[in-house]
Amino acid sequence: MKINCLSCGHKVDLADAYDDYEGQVKCFACGAILEIKTQEGNVSAVKFVKVVPRPSVEQVFERGRG
Ligand SMILES: [Zn+2]
């Protein structure tokens, strides 16, 4: 089963375990959190929650220097 990421449009591939699922999944392409609801392999609802940005290398260095 695939769902379209509401943030970047990427088709997020979901395993069979998500055929009957209600909760959050993460788009690995852009890091967006999507709240989905599926029933018998069909998506009945997709909601965009937020984007979790990857920490940048620069920020990690800033913190380590102190
Ligand atoms: Zn995405």
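Structure's up top.
Computed from a predicted structure; not experimentally measured.

What counts as what
- Residues numbered from 1 in each chain as written.
- Predicted model: local features only at pLDDT ≥ 70, side-chain atom pairs only at ≥ 80, totals over all residues.
- Heavy atoms only, no water.
- Patch = residues over 30% accessible without salt bridge, like charges linked within 9 Å, V, L, I, M, F, W, Y side chains within 5 Å.
- Areas by Shrake-Rupley, 256 points an atom, 1.4 Å probe, with all protein chains shown as cover.
- Salt bridge = Lys/Arg side-chain N within 4 Å of Asp/Glu carboxyl O.
- Helix = DSSP H or I, 4+ residues; strand = E, 2+ residues; numbered from the N terminus.
- Buried < 20%, exposed > 50% of the residue type's maximum accessible area, 1.4 Å probe, protein only.
- Pairing = 2+ DSSP bridges.
- Axes fitted to C-alpha atoms, helices over the stretch in contact; angles between N-to-C directions.
- Donors = N, O, S within 2.8 Å, 3.2 Å for Na, K, Ca; no water.
- Tetrahedral: all angles 85-135°; square planar, octahedral: opposite > 155°, others 65-115°.
- Core = buried A, V, L, I, M, F, W, Y, C linked by side-chain atoms within 4.5 Å.

Caption draft 1: Representation of a nonpolar patch on the surface in the model. There is a patch of nonpolar side chains on the surface, built from Leu 6, Phe 48 and Val 51 and spanning about 260 Å² of accessible area. Following the sequence through the fold, Phe 48 ends up in strand β5 (residues 42-51). Phe 48 sits in the partly exposed class, given a relative accessible area of 37%.

Caption draft 2: Geometry of the sheet that holds strand β3 (residues 21-26). Taken together, three strands build an open sheet; the order of strands is β3-β4-β5 and the sheet is antiparallel. The two strands at the open ends of the sheet, each matched to only one other strand, are β3 and β5. Pairs of neighbouring strands in the sheet enclose a mean axial angle of 20 degrees, with direction left out of account. Bridge count for strand β4 (residues 32-39) against β5 is eight bridges, and the pairing is antiparallel. Bridging across to β5, Ala 32 finds its partner in Val 51.

Caption draft 3: Quick peek at the coordination of the zinc ion. In the first shell of the zinc ion, the protein supplies Cys 5 (SG), Cys 8 (SG), Cys 27 (SG) and Cys 30 (SG), at 2.3 Å from the metal. Here the zinc ion is ringed by four donor atoms whose angles at the metal span 107 to 112 degrees, and the overall shape comes out tetrahedral. Every donor residue of the zinc ion comes from the same chain, spaced as C-x2-C-x18-C-x2-C.

Caption draft 4: Structural context of the nonpolar core. With nine residues, the main nonpolar core is built from Ile 3, Cys 5, Val 12, Leu 14, Val 25, Cys 27, Ala 32, Leu 34 and Ile 36. Ranked by residues supplied to this core, first place goes to β4 with three residues.

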